[in-house]
4 protein chains.
Amino acid sequence: MVHATASSEAIDPDDVTVAYVGGGSRQWAPNLIQDLAQSGLDGRVRLYDEYEESAKRNARFGNWVQSREGAVADWTYEAAESLAGALAGADIVVLSTQYDPAETFVHDLDVPRRYGIYGAVSATIGPGGIMRAMRTVPLYREFAAAIAERCPDAWVFNYTNPVHFVTRALYDEYPDINALGLCHEVLGTRHRLARYAREHLGMADATREDVSVNVKGINHFTWVDEARCKGVDLWPTLEELRDGEEGHQEFTASDLADESVFVDNWQVTWELFRQFGILPAAGDRHLVEYATWFIQDGKEGLNRWGVKRTGSDYRAKHWTPAESEQTTDVDAWMAGDREFELTESNEVFVDIAETLAGDGSYVTNLNLPNVGQVSDLQDDAIVETNAVVRAGEVKPVAAGGFPRPVRALVRGHVETIETVIEASADGDLDAAFEGFLIDQQVRTLQTEAARELFAELVDIQREYLESWDLEESTVLAGSSACSVD
Amino acid sequence: MVHATASSEAIDPDDVTVAYVGGGSRQWAPNLIQDLAQSGLDGRVRLYDEYEESAKRNARFGNWVQSREGAVADWTYEAAESLAGALAGADIVVLSTQYDPAETFVHDLDVPRRYGIYGAVSATIGPGGIMRAMRTVPLYREFAAAIAERCPDAWVFNYTNPVHFVTRALYDEYPDINALGLCHEVLGTRHRLARYAREHLGMADATREDVSVNVKGINHFTWVDEARCKGVDLWPTLEELRDGEEGHQEFTASDLADESVFVDNWQVTWELFRQFGILPAAGDRHLVEYATWFIQDGKEGLNRWGVKRTGSDYRAKHWTPAESEQTTDVDAWMAGDREFELTESNEVFVDIAETLAGDGSYVTNLNLPNVGQVSDLQDDAIVETNAVVRAGEVKPVAAGGFPRPVRALVRGHVETIETVIEASADGDLDAAFEGFLIDQQVRTLQTEAARELFAELVDIQREYLESWDLEESTVLAGSSACSVD
Amino acid sequence: MVHATASSEAIDPDDVTVAYVGGGSRQWAPNLIQDLAQSGLDGRVRLYDEYEESAKRNARFGNWVQSREGAVADWTYEAAESLAGALAGADIVVLSTQYDPAETFVHDLDVPRRYGIYGAVSATIGPGGIMRAMRTVPLYREFAAAIAERCPDAWVFNYTNPVHFVTRALYDEYPDINALGLCHEVLGTRHRLARYAREHLGMADATREDVSVNVKGINHFTWVDEARCKGVDLWPTLEELRDGEEGHQEFTASDLADESVFVDNWQVTWELFRQFGILPAAGDRHLVEYATWFIQDGKEGLNRWGVKRTGSDYRAKHWTPAESEQTTDVDAWMAGDREFELTESNEVFVDIAETLAGDGSYVTNLNLPNVGQVSDLQDDAIVETNAVVRAGEVKPVAAGGFPRPVRALVRGHVETIETVIEASADGDLDAAFEGFLIDQQVRTLQTEAARELFAELVDIQREYLESWDLEESTVLAGSSACSVD
Amino acid sequence: MVHATASSEAIDPDDVTVAYVGGGSRQWAPNLIQDLAQSGLDGRVRLYDEYEESAKRNARFGNWVQSREGAVADWTYEAAESLAGALAGADIVVLSTQYDPAETFVHDLDVPRRYGIYGAVSATIGPGGIMRAMRTVPLYREFAAAIAERCPDAWVFNYTNPVHFVTRALYDEYPDINALGLCHEVLGTRHRLARYAREHLGMADATREDVSVNVKGINHFTWVDEARCKGVDLWPTLEELRDGEEGHQEFTASDLADESVFVDNWQVTWELFRQFGILPAAGDRHLVEYATWFIQDGKEGLNRWGVKRTGSDYRAKHWTPAESEQTTDVDAWMAGDREFELTESNEVFVDIAETLAGDGSYVTNLNLPNVGQVSDLQDDAIVETNAVVRAGEVKPVAAGGFPRPVRALVRGHVETIETVIEASADGDLDAAFEGFLIDQQVRTLQTEAARELFAELVDIQREYLESWDLEESTVLAGSSACSVD
C-alpha cells in the first residue's frame, strides 16, 4: 500500500534526457520539438521509431529548429537505433505510436457496422476500441518491461489510445512505473467553458487556463461536477444554457455535410447533463460510444445530435503514416518551401515536465491508477481526474464519486477494460472475448452474433494479434466467421 | 450494524396466527390451506383481500378442508375485514397480491414491444418489470408500515413480484422487518438437476431435496457455482451435457407452437454456462430479460433458444382474477362437483414455518438484504442465496462472489432496482426514470425514445401510479407521448 | 472469486479414510475412536505422529474398541509411518499436534510476566500466543503442502491452537484447502446458556443442542448478539442476570484457591456484555487476553473477575505428552486394569463428518476464511461464525458486524495475526515482530522493552524456530537479551 | 456522493469579509492582523469573542496596524457583538477559541496521571484529549449551525484543538460546510527536513517551502512516505540519519531540565521510522500519545526519548487567557512602550485565502473529511493529507495507505474519535465513554478504573459539559468517584 520513493532522482532542468518512442510521428514530434525549444528545459531527445527514417527526419528537424528565432532552450536530437538504447537512463519517456496500419482501423469501423453497431469513432471502446486495445496492449507490455530495465524511475507520458487500456497495461506489467496517461478531451471542455465565461459572464479575456473543473471518470468518459472560471461558479450559466436554445439543437445529415468529423456540437453533452445533473467532459463523438443510447439509430440517430461518424475513407487516408498530408511538413520547412514560424502547441507536456524539474505546482487532468481519487471505482483501474504536479512527484486529486446512474455506466466500461487487460497477461483470447461480450455496444447482438463479430475481427487482423493464443481459442473454433488454418 | 433480537417471541407450533394478505387468491390460497392441513402446526389464518368475497370463499374452503381425510392439523380460517385486523399480533404474514388488472400487464408487454423491446415476460425487470414495480412498491410500503405497527416481529413471507423490488421496499420502509422473499426458480433448477442425477448418474430416486446448490444473485438472475446430489458433485455431468447435444439444441417457432409459455428448454442456461463457467438458476424466460443478448432479435431470436414470449392474449386471460379457469376450483370441490383429494404443493412455506416454530435446521434459497452473503454486491440490496432456518431465526449463507463479467451484469440490474426504490420513497418520477433509462433493455433506445416509452407507459397506467408525483415530472412534461392534464 | 467444485468426490459413509496427524495423542485420539465406534460411518483411520509408539498404542486401542459393547460401526486402525502415507487419498484429515515441549509453553507464560504482562493462558494471542504461533505455523505450512499433494479434496479438521493463526497458515499455503478450524469455547457458551434456560425459563430439559446463537469474531474472541433456546429469545434473561447479582460477583485469590485453572465464573463475560451490549462467547480466561483491560493489575486484578492464571507448574506437568496422567488411559483399559465403558465425547467431529457423508444439514460454529460472513472484518482473515454443513459442503452463515468499539478490538487482533502470517511466508522475523509490537498486551511496554522481550523469547526457543531467519534479524541483533552466535 | 457547487460565489480579493470567532486572542489575532496587512487582499474583519473587551482591543490594534509602514493592504476591523452578526455574509470564518479555563486543562493532565497515565500533552487524544473534545464539540456544533444559517458558503478555517474531533463535529452538524482544519505539525516537519537538506545535501538556501511530503493520517498522528527538497529525494538521507548517531540519542531528565516543554528531539520520530519504515510527521510530544509505547514508563521513560511532559503549572500559567504574558503585547505596541515592526507569521492562512480569491494553485496539508485521499481509513473521518487550493476550491490530494501495523494504530484512534462524535450528537455520555474505554492510553487500566477515571474527570469539569446527559449516565451512576447530586 505504501509507495515510498526509494531512489528516484530529481530531474535536472539543464540536463534532461527524453526518450520518444514513436518519435517518427509527423504531427506530435514536430509539436513537441517546438514546445521544447521554447521551454525552460535543456537536454537531449532520442527519437525511436519502427520507421527509423521518420525518426531521423524528425531528429534533423529538431536540430534545425534550434537555430530558429525564438528557440531559447538548448536541445539536441538523435534517432535511436534500438528501444533499449533510446530508454537507457532516460528521465522522461514519451510513448506515442500507431504501428497497426490504417486498414485495421477501417475494419474497426466497418465490420461492427455490418452487425448493426454504429460506433462514431470505434477507437477506444466498443468492438473497434477493444480490437485496437488487443493489438496495442502486448506491445506496451514490452515497453513497460524495457522501461523497468532501462530507466525504472523515468516519468512516462503515454499518449497512445485507448489511453485507459494502454496505461493500465503499463502498470499491470510494471507496477512501479511512473506513467501518466494524457488526453485532450478535458482540456477541450475547459476551452469551451472559457468561451462560455467570455460570452455569458463578461469575462472577456478568460482562457482555458482560467477554468478549473472537478473531473472524474475514465478516459473519454469523464464527468465534471464543479466548474469555475477565475473562481466564479459556472454552474448556473451551464444550467441556463442547457435548458435553453443552446442545449436543444437538432441536426440533420445535411447540416453536417461540410463539417469535419471532429465537429462537436455538444448536444450529447447537454442531453447527458440534463439527464444526470453532471456534465460530461469529452467530445460528443467519444461520449456516444460509452453512453450508447446515442448510437442506437444508425447514422440518422447520430447526426440528430450533431455528431458525425468517422468515415472509413477518412480514416484510410489520414491514419496512414506514410501518406497523410500534414500541416507539420518538416521537410518543406527545412527546405524553405514553406515558411516556418515557431509556435506553441496546446499540449501540457512541457508544463508538466517543467514542474517536475522545477518548482511550484501545476494542476491538470491525468489518467492514473485509482488509489481513491475516484471513490466509486475499483482500485488500480486507470481513472482520469485532476492531478497535482510538483518537483519530482505527481499525485491525483480526490474527486469523489458519481450519481448512481452514471456510476453504473462508468463501472460497466471498467469491467470490460479490466477483463481484457487480465486476459492479455497470458494472451487468453476467450477471456478477452468475455470483456467484448459485456461491452455496451455489443449487447445489442445475440451471443452468437457477438462471437461471430469477434471472430471476424480477429481473423481479419490476425497478423497484428500474434501475442494472443488464437490456436486454443474456443470462440474462434466455434465461429463460422473464422477460418482457422 | 449489530442486529440483536430484543423481543421477538418464539412461535408456538400449537398456536400460530397467520395473516394472509391477498388471501382471496385462487391458486396460492387453496395450496397453502392444503399444505397447512398436513403440517405439524395448528392455529388460525386470517385471509385479507381487496376482493373480500374471494377471501370469504377461501375461508369457507379452509374450514371445509379441515374435515377431509388426511387433514391432521388443526386450523381455522376467517376473512379479515381490514388489513389492520388481519395483521394484529400475527406470527406470520403472507404477502401475495396482484391488484393491478391484467390490462396493465398487457401494456407492460405490448408497449415496449412497439419500441422494439422484445421482453419475454416483462414482469420483473426491463420496462414492463419496472412499471410493475412502480405500481406495486407504494402499496408494499403501506404493508410494511402496517406490519411495523401491528405485528413488528412477525415473519413476513413475500411472494409478490418483482420480488427484488418488492422485498427491498419492505425493508426500506421498515428496516427491522423480518421479511423473506420467496420464489420457485431455484427450486426448479434443483428439480432439473435431480433429473440429471437420475438419468446420468444412476441415482434412481434422486429428488429436488437431494440436490444442494451454492446459489447467489438477485431474484430471477441467480447463479450456481456448486451443485451436488447426495454429496456427489454434479459439475462434471453438467459440463458434459453442456458441451454435448443436450446443450446445443436449436428451436424454431413451429417447434414451440404447441408448447406452454412456461416451456423451459434450458438452451439459454447452457449458453450462459458455456460462456461464463457458472450456471444460471432461473427459467430461461426470465434469464433473457437480465442477460439481454437473447432478446435482441425479436421473436425468432428468442424462439431459437427454445423460449416463447408470454403473449398478451394469454396474459389478458390468465391474469384476470375474476375469470381465470383454475385447477383449484374450491367451489366445485366444496359442492362435490369435482373430486377433492388433499395434495401437497411444492412450496417451502410450511417447511420454513415448521422449522421457525420447531427444531432442526432447514436450508433453502431466500431473498434477503445483503449483509455479506454475496460479496460482490452492495450492502442492503435484496439478494438471493441459500439461508438456514432454525427456531426463531433465518440467516443467509455466505455464497461468495461472481466471475467478473457476471458480476458486471448483476450489478447493472441492482443499480436500476436501487434507483427506483430510492425514487419511490418520495414518489420522484424523474428519479425513477433514471433507473429505467439505465436498464439493459432500454439501452437499445435513444434517450428520447426511452423517455417517450416511459411517458407512454406511465400515462396509460396512471390510475395505478397515484403515489408518484406525475405533476412535477420533467420526463412526462417533455414527452409528446403523454397528455398531462 | 468463484469457488466451483470441480472434482471433489462425495464421501462414502461406508468407506471413509481418516488421516489423523498427531494421532498419538492421549486425550483426543481415544475420544475420537470412541465417537467413531458409535457413529454411522465405517472405514479406516491412519494415525500419524512424531512419536510413532503413541500412534501404535492408539491404533491397538482403536482396533480393541471395535470388539466392545456398543461399537456399532466398523473401523480399522493403523499407525502410519510417514505423513505422506497417512494422507494419501484420505477423505478426512484431522490435525491435532503439540510437538513443542511443555517448557516452551512455560516460557510463553513466564517470560512475558517478567516484563509485567500477566496473560492468563498465553497460548493464542499476546506474546506467548504469538510465539506459539511462530513455532507452529511453519509445520502447518508443511502439512498444507502435503495435503495439496496427497489428498487435495480432503476435509481437514484443525484442532491445533492458536486456531486462527494455524488455520490461516493452512489457507495461505494452499488456498484451495477445505480446512475447518474447530474449538470448544462457543459450545461451552451454548452449554451455559442451556443451563440458564433450565434455571430461569423453566425449560427443564434444555441442552446445548437446543441453544442457537448468532456468533461472530475470531477464535477465542467471539461474540453473540442473538441467543435462543428452542426458539425462545434468551436476551431478556441474559440482561437480567447481567444486571443482577449473577453479573456482579467479585472474587479473591482465596475464593479461587481450590479451583481448577479452567474455572469460568463469567464475570469478564458479564462485564463486557454490560459495557458493549453484545455477549462474549469464549471462556473468561481467553477473553482477558484479547480484551486486555482485565490483565492490567496482575494476579489480583485477574482473580477479582474469578479468573485464575494458568500456572507454569501446571503447564509443565500437563502439557508434557510423555508424562501426563490422563483419564483416557488406553493401556489400562486394554489390560483390564481399568473398567472401560464406551462413552461419547462432546466433540462435533462426528456430527460434521456424518453430515458431510450423509444427508440433512448441521449448524455449528467453525473457523473459516472470511468471504463476507463477518461484514466488519477483512476478507480472508480466519473468522469464527456458524456454518452450515451438508453433504459434501460447508458454508459459513452470514453473521453481520459489531458495535464499533468491539469492532475496534477485534480488528486490532486480526492485524497482528495477518502481520505474523505474512511474515511467516518467508520467515521474516523482523516483520513478525511488527505484529508482536502492535499486540494489545505488548503495548504496555516501551518499544525497546518489547524488542527485548521478543528477542529473549526467540532466543530461548530458537531450536523450535528453525524456519525463521534469525541471522538477518535486526530485532535480534539490536537486543542485549539475545546472544546471536 | 456528488458534490456539485450550486451557489458559492468567488471571493473578491478587494472585498473580503472575515469573521474571526475567538477574535480576542492574544497571539493568533495579532499575527493574523499583521499577515493580512501584508497580503494581496483587502476587506474587513469582524472579531467576535466571549471576552468582548479582548475583541475590541484587537480591533483597535488591527486598525492601528493599517497605518504602520509595510501595511500595503487595506483592512478595517471591528468587534462584533454577536456571533450571528460576525458571521452574516462572511466569505471567510476563522475559528480559534479556548473558552474552558486553564484549570480544566490542568485536570486533563493531572487526573489521568494519578491513574498511571502519563500523557505528554493530554490535549488531543487520551483521557485529557477526549475530555477536551467533549467540552469543545458541543460549542462547535453551535458554530456550524450558525454558519449554515448566516454564511453557508463561507470558507471556515478551524484552528481549535483537538482538530480532528472539532472539524469532524463541524461536518457532522452541517455536512455542506466548507471547513478546513489547520495545524502546524506537518509544517514543522517540513521545516526540519529543509534543515537536513541544508546540512546534508548542500542545499544551502532550502526552506520549508522547498520541501514537499506525501502526508497522511489524522491530526497529530500524520505520516510521510515521500519527502523531497526541490525535487531531490530526501529518503536516503533520512535513512542514514535514522540509522546513525542522530537517530540514536538518549536523554535524561537533567538533559532536558532547561528545555521548553516544546522541545522536540525527534527520537520518537526516528524510532517509529526505524520500526515501520514510514516517517511520523508531528511533534514527538504528540506522537507519544498516539503511539503509546513511549508513555509506558512514566517521566523517565518519556525523557529517555527527549520528550518533556507539559507540566500542569506551566499550563495553569500559560493557558489562562487573562493573565498570560505574550510576545504579542498589542497595548504596549499601540502605546509605544514596545517597538513595533510588522512581521510575517509562519501561518498558511493568507496563502490559502489569497489562492481561494485569486489564481494559481497552492498545496499544503489540511484536515478534511476522507473521500478517498487516505485509502485505508473510513469515509468521512477527518484525515490530514495535502490538499490543493485553487480559486474557489480546496481538494484533498490522494495519498494512498499505510503499512499494516501503522494502519492498525491510526484506525484505533479513528474509532475513538468517531465513537465520541456520534455520542455527542445527542449528548450520550455512556456512548462517549465507550470511545474513552477503547482509547489506547486507557487500555492500561481495568474497566472499573477506566470508569472511575472518566467519572472523576466528568465530575470535576461538569460545568463545562452541560450539553451532555449526565443525569441518565450509567457510568457516572456506577462510579464512586462521582457525586451525582
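For the structure itself, look to the data block above.
Residues numbered from 1 in each chain as written. Chains lettered and ligands numbered in written order. Predicted model: local features only at pLDDT ≥ 70, side-chain atom pairs only at ≥ 80, totals over all residues. Heavy atoms only, no water.

**Considerations on the overall build of chain A**
So, step 1. When helices and strands are counted, chain A shows 19 helices and 13 strands.
So, step 2. Along the longest, intermediate and shortest principal axes, the C-alpha atoms of chain A span 65 × 60 × 55 Å.
So, step 3. The buried share of chain A, reckoned over its 485 residues, is 65%.
So, step 4. Sequence separation of at least 24 residues holds for 73% of the intrachain contacts in chain A that already meet a minimum separation of 6. (Helix = DSSP H or I, 4+ residues; strand = E, 2+ residues; numbered from the N terminus. Buried < 20%, exposed > 50% of the residue type's maximum accessible area, 1.4 Å probe, protein only. Contact = heavy atoms within 4.5 Å.)

**Quick notes on the relation of the copies chain B and chain C**
So, step 1. With an RMSD of 0.0 Å, chain B superimposes on chain C once it is rotated by 180° and translated 0.0 Å along the axis. On the angle and the small slide along the axis, the relation comes out as a two-fold axis.
So, step 2. Residue by residue, 100% of the interface of chain B is reproduced at the interface of chain C, so both copies engage with the same surface. (Least-squares fit on C-alpha atoms with pLDDT ≥ 70 in both.)

**Thoughts on the interface of chain B and chain A**
So, step 1. Between chain B and chain A, the contact holds 37 residues from the first and 37 residues from the second.
So, step 2. Of the roughly 3,400 Å² buried between chain B and chain A on both sides combined, carbon and sulfur atoms contribute 44%.
So, step 3. In terms of surface lost to chain A, no three residues of chain B exceed Trp293, Arg443 and Gln446 of chain B, which account for 23% of the buried area on that side.
So, step 4. With its nearest N and O atoms 2.7 Å apart, the salt bridge here joins Glu448 of chain B to Arg304 of chain A.
So, step 5. Our enumeration of links across chain B and chain A arrives at 26 residue pairs in polar contact (both at pLDDT 80 or more).
So, step 6. At the level of elements, helix H10 (267–276), helix H12 (298–303), helix H16 (404–424), helix H17 (429–437) and helix H18 (447–460) of chain B are the ones that each hand at least two residues to the side of chain B that touches chain A.
So, step 7. The biggest single contributor to the side of chain B that touches chain A is H16 of chain B, with 10 residues.
So, step 8. The class makeup of the residues in the side of chain B that touches chain A is 14 nonpolar, 10 polar and 13 charged. (Buried area = accessible area lost by both parts, 1.4 Å probe. Salt bridge = Lys/Arg side-chain N within 4 Å of Asp/Glu carboxyl O. Polar contact = N/O pair within 3.5 Å; in protein donor to acceptor, adjacent residues only side chain to side chain. Nonpolar A, V, L, I, M, F, W, Y, C, P; charged D, E, K, R; others polar.)

**Here's the deal with the relation of the copies chain B and chain A**
So, step 1. The two copies are related by a screw operation: chain B maps onto chain A through 180° of rotation and 0.0 Å of translation along the axis, at an RMSD of 0.0 Å.
So, step 2. Interface overlap between copies: 100% of the residues of chain B at the interface are likewise at the interface in chain A, consistent with a symmetric, same-surface contact.

**Section: unusual backbone geometry**
Leaving glycine aside, a negative phi is the common case for residues, and trans is the common case for peptide bonds.
Residue and element names in this part refer to chain B.
So, step 1. Between Asn161 and the following residue, Pro162, the backbone shows a cis peptide bond with an omega angle of -5°.
So, step 2. Looking at the secondary structure, you find Pro162 in the loop between strand S5 (155–158) and helix H6 (163–173).
So, step 3. In this structure, Asp380 is a non-glycine residue whose phi angle is positive, near 80°.
So, step 4. Mapped onto the secondary structure, Asp380 falls in the loop between strand S11 (362–369) and strand S12 (382–390).

**Some words on the packing of aromatic side chains**
So, step 1. Inspection of the entire model under this criterion finds 88 aromatic pairs over all chains.
So, step 2. Both rings, one in Phe276 of chain A and one in Trp293 of chain A, keep their centres 6.1 Å apart while their planes meet at 35°; by these two values the pair is tilted. Of the two residues, Phe276 of chain A is situated in helix H10 (residues 267–276) and Trp293 of chain A in the loop between helix H11 (284–290) and helix H12 (298–303); the sequence distance between them amounts to 17 residues. Per residue, the accessibility class of Phe276 of chain A equals that of Trp293 of chain A, and both read buried.
So, step 3. Seen from their ring centres, Phe221 of chain B and Trp223 of chain B are 5.4 Å apart, and the 75° between their planes marks the pair as edge-to-face. Each member of the pair, Phe221 of chain B together with Trp223 of chain B, is buried.
So, step 4. Three or more aromatic residues link up through ring pairs in this structure, and these residues are Tyr196, Trp235, Trp266, Trp270 and Phe273 of chain A.
So, step 5. Looking at Arg135 of chain B, its charged tip hangs above the ring of Phe105 of chain B, at a distance of 4.9 Å from the centre. (Phe/Tyr/Trp six-rings, centres within 6.5 Å; stacked < 30°, edge-to-face > 60°. Lys NZ or Arg CZ within 6 Å of the ring centre and 35° of its normal.)

**A short note on helix H7 (residues 185–200) of chain C**
Residue and element names in this part refer to chain C.
So, step 1. Given a rise of 1.5 Å per residue, 16 residues ought to cover 22 Å, and the 22 Å separating the end C-alpha atoms of H7 matches this to within 8%.
So, step 2. Among all positions in H7, only Val186, Leu187, Thr189, Arg190, Arg192, Leu193, Ala194, Tyr196 and Ala197 are buried.
So, step 3. Downstream of H7 by a residue or two, Gly202 has a phi angle that is positive, lying close to 65°. (Expected span 1.5 Å × (residues − 1).)

**Examining the side chain of Gln373 of chain A**
So, step 1. Checked against the element boundaries, Gln373 of chain A lands in the loop between strand S11 (362–369) and strand S12 (382–390).
So, step 2. A polar contact is formed between the side chain of Gln373 of chain A and the backbone oxygen of Pro369 of chain A, at a distance of 3.1 Å.
So, step 3. Looking at Gln373 of chain A, its side chain comes within polar contact range of the main-chain nitrogen of Val371 of chain A, at 2.7 Å.
So, step 4. Those residues within four positions of Gln373 of chain A in sequence are excluded, and the remaining contacts are Leu368, Val383, Thr385, Pro396, Val397, Ala398, Ala399 and Gly400 of chain A together with Ala398 of chain D.

**A closer look at a negative patch on the surface**
So, step 1. Taken together, the side chains of Glu422, Asp426, Asp428, Asp469, Glu471 and Glu472 of chain A define an acidic patch exposed on the protein surface.
So, step 2. Inspection of the secondary structure puts Glu472 of chain A in the loop between helix H18 (447–460) and helix H19 (474–477). (Patch = residues over 30% accessible without salt bridge, like charges linked within 9 Å, V, L, I, M, F, W, Y side chains within 5 Å. Areas by Shrake-Rupley, 256 points an atom, 1.4 Å probe, with all protein chains shown as cover. Lys, Arg positive; Asp, Glu negative; His and termini not counted. Charge placed at Lys NZ, Arg CZ, Asp CG, Glu CD.)

**Remarks on the interface of chain B and chain C**
So, step 1. Taken together, the contact pairs 42 residues of chain B with 42 residues of chain C.
So, step 2. Between chain B and chain C, roughly 3,500 Å² of surface is buried when both sides are summed, and carbon and sulfur atoms account for 51% of that area.
So, step 3. Glu226 of chain C is the salt-bridge partner of Lys395 of chain B, the closest N and O atoms lying 2.5 Å from each other.
So, step 4. The interface formed by chain B and chain C contains 9 residue pairs in polar contact (both at pLDDT 80 or more).
So, step 5. Elements with a minimum of two residues in the side of chain B that touches chain C: strand S7 (211–218), strand S8 (221–229), strand S9 (232–233), helix H8 (235–243), S11, S12 and strand S13 (393–396) of chain B.

**Here we look at the nonpolar core**
So, step 1. Met134 and Phe276 of chain A together with Met134 and Phe276 of chain B are the most contacted members of the largest nonpolar core, which has 131 residues in total.
So, step 2. Counting residues in hydrophobic clusters, the runner-up holds 130 residues, among them Ile295 and Val420 of chain C together with Ala282 and Ala432 of chain D. (Core = buried A, V, L, I, M, F, W, Y, C linked by side-chain atoms within 4.5 Å.)

**Observations concerning the packing of helix H6 (residues 163–173) of chain A against helix H16 (residues 404–424) of chain A**
Residue and element names in this part refer to chain A.
So, step 1. The geometry of H6 relative to H16 is characterised by a closest axis approach of 10 Å and an angle of 45° between their N-to-C directions. With respect to their mutual orientation, H6 and H16 come out oblique. Crossing geometry of H6 relative to H16 is assigned as right-handed. From H6, His164, Phe165, Arg168, Ala169 and Asp172 reach across to H16, where they touch Thr416, Ile417, Glu418, Val420 and Ile421.
So, step 2. Split by residue class, the contact of H6 with H16 holds 5 nonpolar, 2 polar and 3 charged. (Axes fitted to C-alpha atoms, helices over the stretch in contact; angles between N-to-C directions. Parallel < 35°, antiparallel > 145°, perpendicular 65-115°, else oblique. Left-handed = near helix turned anticlockwise from the far one by under 90°.)

**Brief notes about the environment of His184 of chain A**
Residue and element names in this part refer to chain A.
So, step 1. Tracing the backbone through its elements, the reader meets His184 in the loop between strand S6 (178–181) and helix H7 (185–200).
So, step 2. Classification of His184 by relative accessible area gives partly exposed; the value is 31%.
So, step 3. A polar contact is formed between the side chain of His184 and the side chain of Glu347, at a distance of 2.5 Å.

**Examining the pairing of S6 of chain A**
Residue and element names in this part refer to chain A.
So, step 1. What you see with S6 is no split at all: Asn178 and Leu180 on one side and Ala179 and Gly181 on the other are buried throughout.
So, step 2. Bridge count for strand S5 (residues 155–158) against S6 is 4 bridges, and the pairing is parallel. Residue pairing in the sheet places Trp155 in a bridge with Asn178 of S6.
So, step 3. In this region the chain leaves S5, passes through H6 and returns to the parallel neighbour S6; the handedness of that crossover is right-handed. (Pairing = 2+ DSSP bridges. Right-handed = clockwise from strand over helix to strand, strands pointing away.)

**What to know about helix H8 (residues 235–243) of chain C**
Residues and elements named next belong to chain C.
So, step 1. The set of residues buried in H8 consists of Trp235, Thr237, Leu238, Leu241 and Arg242. Taken end-on, H8 shows its buried residues confined to a sector of 160°, consistent with a single buried face.
So, step 2. As for H8, its buried residues are in contact with H7, strand S8 (221–229), strand S9 (232–233), helix H10 (267–276) and strand S10 (279–280). (Arc of directions from axis to C-beta.)

**A few points about the pattern of salt bridges**
So, step 1. Summed over the entire model, instances satisfying the criterion amount to 105 salt bridges over all chains.
So, step 2. Here Arg46 of chain A and Glu78 of chain A are joined by a salt bridge, their closest N and O atoms 4.0 Å apart. Pair noted here: Arg46 of chain A is in strand S2 (residues 43–48) and Glu78 of chain A is in strand S3 (residues 75–79), with a separation of 32 residues, a long-range link.
So, step 3. The exposure class of Arg46 of chain A is buried, given its relative accessible area of 15%.
So, step 4. Take Glu78 of chain A: its relative accessible area is 43%, and that puts it in the partly exposed class.
So, step 5. Residues participating in the shared-partner salt-bridge network are Arg390, Glu393 and Lys395 of chain A together with Glu226 and Arg228 of chain D.

The values are spatial; any link to function lies outside them.
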